[in-house]
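Geometric and topological summary
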Amino acid sequence: MEMKQPMIENREDGGEQEKEQESHENGRLVADSIVEKGQKSCSGPGQVSNGYSSTTPQSPREGAGAGMDRGSTPGAFRTLVVQQTSLDPPRETWSKKMDFLLSVIGYAVDLGNVWRFPYICYQNGGGAFLLPYLLMAVFGGVPLFYMELALGQFHRSGCISIWKHICPIFKGIGFAICIIALYIAFYYNTIMAWALYYLLSSFRTTLPWTTCNNIWNTPNCTHYLSTDLNVSWTDNSISPAEEFYIRQVLQVHLSPGLHQLGWVSWQLALCLLFIFTVVYFSIWKGVKTSGKLLHNSLWQVVWVTATFPYLVLLILLIRGATLPGAWRGVVFYLKPDWGKLLTTSVWLDAAAQIFFSLGPGFGVLLAYASYNPFHNNCYKDALITSSVNCLTSFLSGFVIFTVLGYMAEMRQQGVETVAKDAGPSLLFIIYAEAIANMPAATFFAIIFFLMIIMLGLDSTFAGLEGVITAMLDEFPHLLARRREWFVLGLVCVCYLGALSTLTYGGAFVVKLFEEYATGPAVITVVFLEVIAVSWFYGTTRFCNDVQLMLGFAPGVFWRVCWVAICPCFLLFIIGSFLAFPPEVRLFDYLYPFWTTVLGYCIGLSSFICVPSYMVYHLVTTKGTFKQRLLKSITPEASGSSGPQRDTIVITNAV
């Protein structure tokens with residue numbers, strides 16, 4: 001779009017003649033005659049031959065040439081004919097608006113919506129939890145989501161280079177985000193490797209997690225289906241689905257803990273290799289290829305990918321609602337316990353859930369929005385995608401708890417006893433058992449685990465694209481023409497970093513990364529991001545940027561949220577985490593104290609980029625300390641340097 005923006009560039013004295021010569025070589029004379037009244041080339045007052053109004057800026061960098069279509073002689077009009085070319089490659093844009101929306105929704109709606117929200121909801125008062133959840137979404141999550149979309153779309157930069165236009169001293173935030181994204185890639189894709197293992201195991205008549213006569217089963221394995229009404233379930237009983245997950249897929253029984261992880265599982269290593277191969281060929285060419293490959297090459301039609309996870313969830317909901325005892329799970333899910341609203345932990349869980357569900361601070365929203373047209377309505381996009389995200393979480397709760405109610409009915413236990421496991425166990429044990437009780441179980445297993453892989457791939461595409469965009473924008477001359485090789489190197493690094501999660505004790509590593517390496521660090525980074533934008537860059541300036549893009553400025557509600565409520569919202573999460581560190585447990589393994597120290601060190605390794613770059617910037621900047629400090633917090637003018645600079649050729653015909 002910027003190729004059509006009329007502007008006049010302020011040239012430096014040193015290379016004025018050379019640049020002017022290059023401009024004339026890249027431009028051509030469009031017209032050299034008087035444009036008569038009524039001609040198509042001048043469609044009305046205040047317009048130029050490209051059809052845009054000469055008084056309305058089309059980008060944040062234009063407007064300098066507005067009003068130059070008048071001659072110097074009073075009463076005589078001169079025609080301004082513009083042919084704009086750029087010496088640098090134009091920035092990619094989304095092929096269609098729907099590609100952007102589906103990519104953002106695919107990033108925001110991930111596996112956490114399916115397994116984490118239902119567990120957090122029933123643990124914190126059922127239906128009563130929806131009140132703090134919605135309040136935290138309205139006053140914290142959605143404003144942060146909207147802010148990142150607007151920043152990325154206006155400055156058209158990744159999470160590193162964008163800071164020179166906001167507050168240069170905070171550029172370390174971008175590097176910290178990239179490191180956090182790598183840590184997430186180390187463990188998040190392993191969960192998809194587990195799902196792929198399940199998918200490949202589903203291509204058989206009898207699902208392997210429905211029987212107790214396999215080599216990995218123990219004497220405590222208790223086989224039951226919806227027709228086995230006389231099966232007795234004891235406290236020592238273990239379902240075949242649980243043993244398949246723990247003893248066959250993860251093989252955690254072969255590892256005593258984090259101090260002795262064991263060998264790498266070659267089956268999971270091959271599954272993860274396939275996952276990263278798909279990831280590479282989906283993002284190696286950029287957003288245009290990513291959008292088409294993700295939504296067209298894999299499934300040919302974008303609507304199939306967008307609706308497929310919801311279709312599967314709807315099928316599971318209908319099937320779960322027809323199971324005996326399903327109502328017990330729904331009542332347990334929604335029955336409000338208003339007394340729990342008086343506890344701090346409920347509000348902390350609500351804030352953390354909405355934050356990690358919407359996903360600000362990971363560089364993805366900045367990257368995706370940077371490929372939007374300048375005047376795209378990102379305000380509407382923020383409301384749509386955040387609403388879809390929250391509704392998906394709520395729907396997943398019904399899918400989970402209808403099955404939990406059925407399992408409680410079959411075992412003659414309470415729902416709270418059955419629903420003791422959280423995290424991936426909800427998907428790979430409870431869902432797997434639910435599928436085994438359906439007609440055409442093989443078919444449902446295939447589409448369900450395919451859905452899990454697709455949900456995870458969307459988020460992986462987004463996370464790595466955030467890193468790629470940031471690095472390409474920061475080092476364009478080095479990486480712009482080597483994107484394919486850079487993406488290949490990045491994917492290889494992620495695969496090698498994930499090898500520890502493929503060992504017999506890999507599930508313990510996944511839990512450690514999830515609890516310590518990413519959560520506290522990214523919340524702290526976003527807190528600094530909000531402070532930098534609202535207090536240093538300035539809410540007024542930011543709102544003016546939004547008005548230039550959308551035609552209207554954000555209201556008082558959004559300003560108050562960005563200046564005061566969002567920082568308090570994030571500070572509340574950080575303070576609560578530091579004051580009440582979580583007790584981490586997986587299966588029967590309680591994480592020792594040294595693992596907590598290790599987790600904090602991993603998290604600190606990414607956050608340390610922020611103060612380190614502050615010191616580096618102050619040391620390398622010239623001038624007195626006051627001058628350095630002032631320059632460090634003063635944003636550079638957009639378009640003054642870098643790969644997005646436009647060059648324009650203007651020809652006047654009298």
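From a predicted model like this one, the values you see are computed outputs, not experimental measurements.

**Comments concerning the overall build of the protein**
Within the protein, the secondary structure is distributed over 23 helices and four strands. Within the protein, buried positions represent 56% of all 654 residues. Across the protein, every contact between residues at least 6 apart in sequence was considered, and the portion connecting residues at least 24 apart equals 82%. Summed over all atoms, the accessible surface of the protein reaches about 28200 Å², with 63% contributed by carbon and sulfur.

**Section: the side chain of Glu-243**
Mapped onto the elements, Glu-243 comes out in helix α6 (residues 240-250). For the buried residue Glu-243, which engages in no salt bridge, the nearest side chain bearing the opposite charge is Arg-247, 5.2 Å off. Not counting residues up to four positions away in its chain, the partners in contact with Glu-243 are Trp-216, Asn-217, Thr-218, Cys-221, Ile-238 and Gln-248.

**Notes on the pattern of salt bridges**
Evaluated as defined, the whole model comprises five salt bridges. For Glu-409, the salt bridge is made with Arg-328, and the minimal N-O distance between the two is 3.2 Å. Residue Glu-409 is located in helix α13 (residues 378-411), and its partner Arg-328 is located in helix α10 (residues 326-334); the two are separated by 81 residues in the primary sequence. When its relative accessible area of 30% is taken as the criterion, Glu-409 is described as partly exposed. Its relative accessible area of 23% is what places Arg-328 among the partly exposed residues. Between Arg-483 and Glu-465 there is a salt bridge, with its nearest N and O atoms 2.9 Å apart. Separated by 18 residues along the polypeptide, Arg-483 in helix α18 (residues 483-497) and Glu-465 in helix α16 (residues 441-474) bring together distant segments of the chain.

**So, the UniProt feature "binding site: Na(+)" (unreviewed entry) in the protein**
When the UniProt feature table is mapped onto this chain numbering, "binding site: Na(+)" (unreviewed entry) sits at Gly-106, Ala-108, Val-109, Asn-113, Ser-357, Asn-389, Leu-455, Asp-458 and Ser-459. These annotated residues cover 354 residues of sequence, and their C-alpha atoms all fall within 13.7 Å of one another, placing them together at a single site. You can call Ala-108 buried: its relative accessible area is 1%. If we skip the residues at most four places from it in the chain, Ala-108 touches Asn-113, Ser-357, Leu-358 and Asn-389. Position of Ser-459 among the secondary structure elements: in helix α16. Leave out the neighbours within four places in its chain, and Ser-459 touches Gly-106, Tyr-107, Asp-110 and Tyr-188.

**Considering the environment of Phe-398**
Residue position: Phe-398 is located in helix α13. Considered as a pair, Phe-398 and Pro-118 are 280 residues apart in the sequence and their alpha carbons are 8.1 Å apart. Beyond its immediate chain neighbours, meaning those up to four positions away, Phe-398 contacts Leu-317, Val-330, Tyr-333 and Leu-334.

**A closer look at the packing of helix α4 (residues 130-155) against helix α19 (residues 506-550)**
Packing of α4 against α19 brings their axes to within 10 Å, and their N-to-C directions diverge by 65 degrees. In this structure, α4 crosses over α19, and the sense of that crossing is left-handed. Judged by residue contacts, Leu-144, Tyr-146, Met-147, Glu-148, Ala-150, Leu-151, Gln-153, Phe-154 and His-155 of α4 engage Val-526, Glu-529, Val-530, Val-533, Tyr-537, Phe-542, Asp-545, Val-546, Leu-548, Met-549 and Leu-550 from α19.

**Description of the side chain of Ser-161**
With respect to the helices and strands, Ser-161 occurs in the loop between α4 and α5 (172-201). Once you skip the residues sitting within four places of it in the chain, Ser-161 turns out to touch Asp-473 and Glu-474.

**Remarks on the confidence of the model for the protein**
Here the protein shows a mean pLDDT of 78. Residues at 70 or above account for 78%. Across residues 79-87, confidence stays below pLDDT 50; counting only partners more than four residues off in sequence or on other chains, it has 45 contacts. Ignoring residues within four places in sequence, the model shows residues 289-302, a span with pLDDT below 50, making 29 contacts including any to other chains.

**Some thoughts on the state of the cysteines**
Following the criterion strictly, the structure yields one disulfide and no others. Between the sulfur atoms of Cys-212 and its disulfide partner Cys-221 the distance amounts to 2.0 Å. Here Cys-212 and Cys-221 share a disulfide; its torsion about the S-S bond, -70 degrees, makes the bridge left-handed. Among the cysteines around Cys-159, which has no disulfide bond, Cys-178 carries the closest sulfur, lying 4.0 Å off.

**Examining the packing of α6 against helix α15 (residues 424-436)**
As a packed pair, α6 and α15 sit with axes 8 Å apart at the nearest point and diverge in direction by 140 degrees. Relative to α15, α6 is oriented oblique. Seen from above, α6 lies across α15 with right-handed handedness. Contact with α6, carried on its side by Ala-241, Glu-242 and Tyr-245, involves Pro-424, Ser-425, Phe-428, Ile-429, Ala-432 and Glu-433 of α15 and no other residues of that element.

**Points about the nonpolar core**
Ranked by internal contacts, the top residues of the largest apolar core, which has 199 residues, are Trp-194, Trp-209 and Phe-448. Per-element tally for this core: the top contributor is α19, with 25 residues. Those residues in contact with Phe-448 that lie beyond four places of it in its chain are Val-312, Leu-316, Leu-427, Tyr-431 and Ile-435.

**Looking at a nonpolar patch on the surface**
Nonpolar side chains collect at one region of the surface, where Leu-131, Leu-135, Val-138, Phe-139, Trp-338 and Phe-557 lie side by side and expose about 540 Å² of accessible area between them. Top contributing element to the nonpolar patch by residue count: α4, with four residues. Looking at the secondary structure, you find Leu-131 in helix α4.

Scoring rules and cut-offs
- Residues numbered from 1 in each chain as written.
- Predicted model: local features only at pLDDT ≥ 70, side-chain atom pairs only at ≥ 80, totals over all residues.
- Heavy atoms only, no water.
- Helix = DSSP H or I, 4+ residues; strand = E, 2+ residues; numbered from the N terminus.
- Buried < 20%, exposed > 50% of the residue type's maximum accessible area, 1.4 Å probe, protein only.
- Contact = heavy atoms within 4.5 Å.
- Areas by Shrake-Rupley, 256 points an atom, 1.4 Å probe, with all protein chains shown as cover.
- Lys, Arg positive; Asp, Glu negative; His and termini not counted.
- Salt bridge = Lys/Arg side-chain N within 4 Å of Asp/Glu carboxyl O.
- UniProt positions renumbered as here; feature names shortened; annotations may be inferred.
- Axes fitted to C-alpha atoms, helices over the stretch in contact; angles between N-to-C directions.
- Left-handed = near helix turned anticlockwise from the far one by under 90°.
- pLDDT = per-residue confidence, 0-100.
- Disulfide = S-S within 2.5 Å.
- Parallel < 35°, antiparallel > 145°, perpendicular 65-115°, else oblique.
- Core = buried A, V, L, I, M, F, W, Y, C linked by side-chain atoms within 4.5 Å.
- Patch = residues over 30% accessible without salt bridge, like charges linked within 9 Å, V, L, I, M, F, W, Y side chains within 5 Å.

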